[in-house]
Number of protein chains: 2
Amino acid sequence: LARVAVIGTGLIGGSLGLALRSAGEGPVVGYDVDPSAARGALDRSAVDTIAPDPAAAVENAGLVILAAPVHLISDTCRVLASAVPEEAVVTDVGSTKRDVVAAGEACFGDRFVGGHPMAGSERHGIEAADGELFDGAWWILTPTAKTSSEAYAAVTRMVAKVGAKPVALDAEDHDALAARLSHVPQLTASALVDFAVSAGDREALLGLAGAGFRDVTRIAASHPDLWVAIIRSNAAAVSDGLEGLRERIDGLRETIDKGRWKELGDWLARARAARLDLFAKPHFVGEPVTLTMLIPDRPGVLAEVTTQAGELGANIEDLRIVHSTEGGRGRLELIVAGTEAAELLTARLIGLGYHVYRGGIDS
Amino acid sequence: LARVAVIGTGLIGGSLGLALRSAGEGPVVGYDVDPSAARGALDRSAVDTIAPDPAAAVENAGLVILAAPVHLISDTCRVLASAVPEEAVVTDVGSTKRDVVAAGEACFGDRFVGGHPMAGSERHGIEAADGELFDGAWWILTPTAKTSSEAYAAVTRMVAKVGAKPVALDAEDHDALAARLSHVPQLTASALVDFAVSAGDREALLGLAGAGFRDVTRIAASHPDLWVAIIRSNAAAVSDGLEGLRERIDGLRETIDKGRWKELGDWLARARAARLDLFAKPHFVGEPVTLTMLIPDRPGVLAEVTTQAGELGANIEDLRIVHSTEGGRGRLELIVAGTEAAELLTARLIGLGYHVYRGGIDS
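It should be emphasised that the depicted structure is a prediction, and the values quoted were computed from it without experimental measurement. (Residues numbered from 1 in each chain as written. Chains lettered and ligands numbered in written order. Predicted model: local features only at pLDDT ≥ 70, side-chain atom pairs only at ≥ 80, totals over all residues. Heavy atoms only, no water.)

Scanning chain A for helices and strands turns up 14 helices and 12 strands. Its C-alpha atoms give chain A principal-axis dimensions of about 65 × 55 × 40 Å. Of all 363 residues assigned to chain A, the portion counted as buried reaches 60%. Taking as baseline every contact in chain A between residues at least 6 positions apart, the subset at least 24 positions apart corresponds to 71%. About 13300 Å² of surface is accessible on chain A, with carbon and sulfur atoms providing 50% of the total. Averaging the positions of the 34 positive and the 49 negative side-chain charges in chain A gives two centres separated by 4 Å. (Helix = DSSP H or I, 4+ residues; strand = E, 2+ residues; numbered from the N terminus. Buried < 20%, exposed > 50% of the residue type's maximum accessible area, 1.4 Å probe, protein only. Contact = heavy atoms within 4.5 Å. Areas by Shrake-Rupley, 256 points an atom, 1.4 Å probe, with all protein chains shown as cover. Lys, Arg positive; Asp, Glu negative; His and termini not counted. Charge placed at Lys NZ, Arg CZ, Asp CG, Glu CD.)

Below, the structure written as structure tokens:
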């Protein structure tokens, strides 16, 4: 790839620098609008050198990676339009693609390839950079009819070098899917919280809010500014997505108002199958078995439980803790691969005095 | 409480029997429409005796607990109306309350007290019964203006005996809150799955579906029949709840279409604060700190990590695993109480060769 310019040395840019350098690529030149982020990248050896301005960073570069926050990428393209060498390939890591690709192609023509690595989050900064961040992760690329195959190949090679798996998607399809899979669920989680807390006092809310509500609304605790920037960069697709969700909410309401219970059950069963299918792990060693146990809320308990699992060779596929709102104790839900392993582990834990039962905390 | 009749010896009825008997209450007489469930309760010593029919079970009872599935409780009231002794107090454990309380009061007058323990799930059966199931859990009671104070006191005493904490709520308020906190979120999770999978192929969906989507839609994998019964028993409140959610979705869409980004940010910040407040643990030892690390997907890793935490006295407040869709490795997210403990643990884990960074998997 020869000389690589990384514009924006936060979590993603810094991690890319680390991964590329440890793969023997580069030299990597970094620039960040925040000088301390750039210095941090140099200190952590995420870049070979830092440049005083964006134009200096892209000088003689063969590949330019735009790793600024998504709402700044289009502007960054315009700033760099005349500075990027004529042969250089340009890509970005923004979480929405239509507008970025339009700006990228306007500035760099067939040498621009939009990208979106499905790893990490730009808010953590250079301190959180990790050369293995992209290992095994998907990396969406959004070539268009204009994109040169050389540029696409160069970006694909870079993605593979950092351990990620490239997947090509149309930019508009990417944004519509991101709206459905990320942006609309994010807003919906906040809407469910807003709706719930508008009724009832805290004690009643706490009494009735179970593990299900906790899961569904977990992401409502995310950073508001970050999400405004993401939604703003994908406003049209998010608006369409909210409309699509609204249609389903209206349909459900009609189904319930008319008492069509068979239809409701069939619909829930289809959604269930789709959810299980989507996250089905192809390498499950046997059927996933859910175990739930009461645990005292003190250090060491998780270690005891997971050590037993490790000794038995039982792979814990997933695990979560639901604390009693009273404090002092909680419930631990484990998903173990395979009935036999689950039964061995259950027996072992019961032998240690735990109360273990099969099945989840909520159904 | 003298003689207690438990009608329905599944998870909840069986657990109640175990808890009451170990608190020295009873004798406990059980009945279940499924004879093998009743025999199971006897085998597990959840009841002292089993009765051949509901009327025989309630003979000479001082307290009758209706622990049938929620859609059968009103009918059970009618079946038992003339059989329950005149002095006996009757309560139920159904997850929705308005219709049940109406049926209960029609059959038993001021001696009926509606109840809803916030623990477990009725689908697991007697095998999953656990005498500690209610320990520390909230137990909603829904007295009305009619309810006798003696009946209410008797049910409150029973709730305290099994280790739960009684909270009184109006039956309609209960159902409206349950719709907002449980039934509408449940349907919304399914709607989000249904909407997402209607677009895009599996590879694209998988590429873009992150930990956030996984959390939000986890409960969409729940049992459809169980949920049809719950929603059916609370249809009016669920329909109102869907309408309330729809209004928020429409409002969000308008905010986005008009580009009111400041307003969106403020709204997201309020929802974030409400979510954090709702599940704030009063006994947190210091600020919760989130750590994320890459882990190989093999037995023993969790044990190693949690053992280190236990040795350092670092209390793991929450923990989840996000598997790579590729298999073979995953990310582990830990929430540790207190900055100092988090830093000690981070240093220890880095010393063991793990890549640990501060912050969550998704933001």
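Looking now at helix α1 (residues 11–22) of chain B. Residues and elements named next belong to chain B. Helix length check: α1 (12 residues) gives 16 Å between terminal C-alpha atoms against 16 Å at 1.5 Å per residue, within 8%. Extensive coverage of α1 is indicated by the burial of 10 of its 12 residues. Along α1, the residues classified as buried are L11, I12, G13, G14, S15, L16, G17, L18, A19 and L20. Each element contacted by the buried residues of α1 is listed here: β1 (4–7), β2 (28–31), β4 (63–66), β6 (112–117), β7 (138–142) and α6 (149–161). G24 sits one or two positions beyond α1 and adopts a positive phi of about 80°. (Expected span 1.5 Å × (residues − 1).)

Residue and element names in this part refer to chain A. Mapped onto the elements, A2 comes out in the segment before β1 (4–7). Through-space distance from the C-alpha of A2 to that of G26 is 5.5 Å; in sequence the pair is 24 residues apart. Once you skip the residues sitting within four places of it in the chain, A2 turns out to touch G26 and P27.

Attention shifts here to the relation of the copies chain B and chain A. The transformation that overlays chain B on chain A combines an axial shift of 0.0 Å with a rotation of 180°, and the residual RMSD is 0.1 Å. Here the two chains are linked by the operation of a two-fold rotation axis. Proximity to the rotation axis, assessed at the C-alpha, singles out B:V216 in chain B; its C-alpha lies 2.0 Å from the axis. A share of 100% of the interface residues of chain B reappears at the interface of chain A, consistent with the copies meeting face to face through the same patch. (Least-squares fit on C-alpha atoms with pLDDT ≥ 70 in both.)

Attention now moves to the interface of chain B and chain A. Contacts between the two partners involve 132 residues from chain B and, on the opposite side, 132 residues from chain A. For the pair chain B and chain A, the two sides together bury roughly 12800 Å², of which 65% comes from carbon and sulfur. The interface formed by chain B and chain A includes 8 salt bridges. Across the pair A:R253 and B:E243 runs a salt bridge, and its minimum N-O distance is 2.7 Å. Our enumeration of links across chain B and chain A arrives at 28 residue pairs in polar contact (both at pLDDT 80 or more). The class makeup of the residues in the side of chain B that touches chain A is 63 nonpolar, 36 polar and 33 charged. (Buried area = accessible area lost by both parts, 1.4 Å probe. Salt bridge = Lys/Arg side-chain N within 4 Å of Asp/Glu carboxyl O. Polar contact = N/O pair within 3.5 Å; in protein donor to acceptor, adjacent residues only side chain to side chain. Nonpolar A, V, L, I, M, F, W, Y, C, P; charged D, E, K, R; others polar.)

Turning next to the packing of aromatic side chains. All names here are of chain A. Tallied over the entire structure, the rule returns 4 aromatic pairs over all chains. Ring geometry for F134 against W139: centres 5.3 Å apart, planes inclined by 50°, an arrangement best described as tilted. You can call F134 buried: its relative accessible area is 0%. W139 sits in the buried class, given a relative accessible area of 1%. (Phe/Tyr/Trp six-rings, centres within 6.5 Å; stacked < 30°, edge-to-face > 60°.)

Counting 90 residues, the largest nonpolar core has A:L187, A:L264, B:L187, B:I256 and B:L264 as the members making the most contacts within it. With near-sequence residues (within four places) excluded, A:L264 lies in contact with A:L252, A:T255, A:I256, B:L187, B:V228 and B:I231. (Core = buried A, V, L, I, M, F, W, Y, C linked by side-chain atoms within 4.5 Å.)

Next up on the list: the sheet that holds strand β8 (residues 165–168) of chain A. Residues and elements named next belong to chain A. With mixed pairing, 8 strands are arranged side by side in an open sheet as β3-β2-β1-β4-β5-β6-β7-β8. Lying at the two open borders of the sheet, with one neighbouring strand each, are β3 (49–50) and β8. Where helix α1 (residues 11–22) meets the sheet, its contacts fall on β1, β2 (28–31), β4 (63–66), β6 (112–117) and β7 (138–142), and the angle it forms with β2 comes to roughly 170°. In the packing of helix α6 (residues 149–161) onto the sheet, the strands contacted are β4, β5 (89–92), β6, β7 and β8, and the crossing angle to β7 comes to about 170°. (Pairing = 2+ DSSP bridges. Axes fitted to C-alpha atoms, helices over the stretch in contact; angles between N-to-C directions.)

All names here are of chain B. In β1, alternate side chains face the same way, and those of V4 and V6 on one face and A5 and I7 on the other are all buried. With α1 bridging β1 and its parallel neighbour β2, the resulting β-α-β unit is right-handed. Inspection of the sheet shows β1 paired to β4 by 4 bridges, in the parallel sense. Counterpart to V4 in the pairing with β4 is L63. (Right-handed = clockwise from strand over helix to strand, strands pointing away.)

As a further point, take the sheet that holds strand β8 (residues 165–168) of chain B. Residue and element names in this part refer to chain B. Strand order across the open sheet formed by 8 strands is β3-β2-β1-β4-β5-β6-β7-β8, with mixed pairing between neighbours. Either end of the sheet is taken by a strand with one partner, and the two such strands are β3 (49–50) and β8. Sheet topology note: the β6/β7 ladder contains 4 bridges and is antiparallel. Paired with P117 across the two strands is W139, which belongs to β7.

Let's shift gears to the pairing of β2(A). Residues and elements named next belong to chain A. Taking every second residue as pointing to the same face, both faces of β2 are buried, with V28 and G30 on one and V29 and Y31 on the other. Relative to β2, β1 runs parallel, the two being bridged by 4 bridges. Pairing of A5 across the sheet is with V29, part of β2. On the question of chirality, the crossover connecting β2 to the parallel β3 by way of helix α2 (residues 35–43) is right-handed.

Residues A:G26 and A:P27 are joined by a peptide bond in cis, for which omega reads 10°. Of note in the backbone geometry, A:S45 takes a positive phi value of approximately 60° without being a glycine. Its place among the elements puts A:S45 in the loop between α2 and β3. The phi angle at B:N60 is positive, at roughly 60°, despite the residue not being glycine.

When the charged atoms of two side chains with opposite charge come close together, those side chains can pair. Tallying each qualifying case throughout the model produces 36 salt bridges over all chains. The salt bridge involving A:K146 is made with A:E105; its shortest N-O contact spans 3.7 Å. Of the two residues, A:K146 sits in the loop between β7 and α6 while A:E105 sits in helix α5 (residues 98–108), which places them 41 residues apart along the sequence. Among the salt bridges present, the one from B:E25 reaches B:K161, with a minimum N-O distance of 3.4 Å.

All right, on to the state of the cysteines then. Residue and element names in this part refer to chain A. All told, the structure shown has 0 disulfides over all chains when counted by the stated rule. Left without a disulfide partner, C77 is nearest to the cysteine sulfur of C107, which lies 5.2 Å away. For C77, a relative accessible area of 0% translates into the label buried. (Disulfide = S-S within 2.5 Å.)

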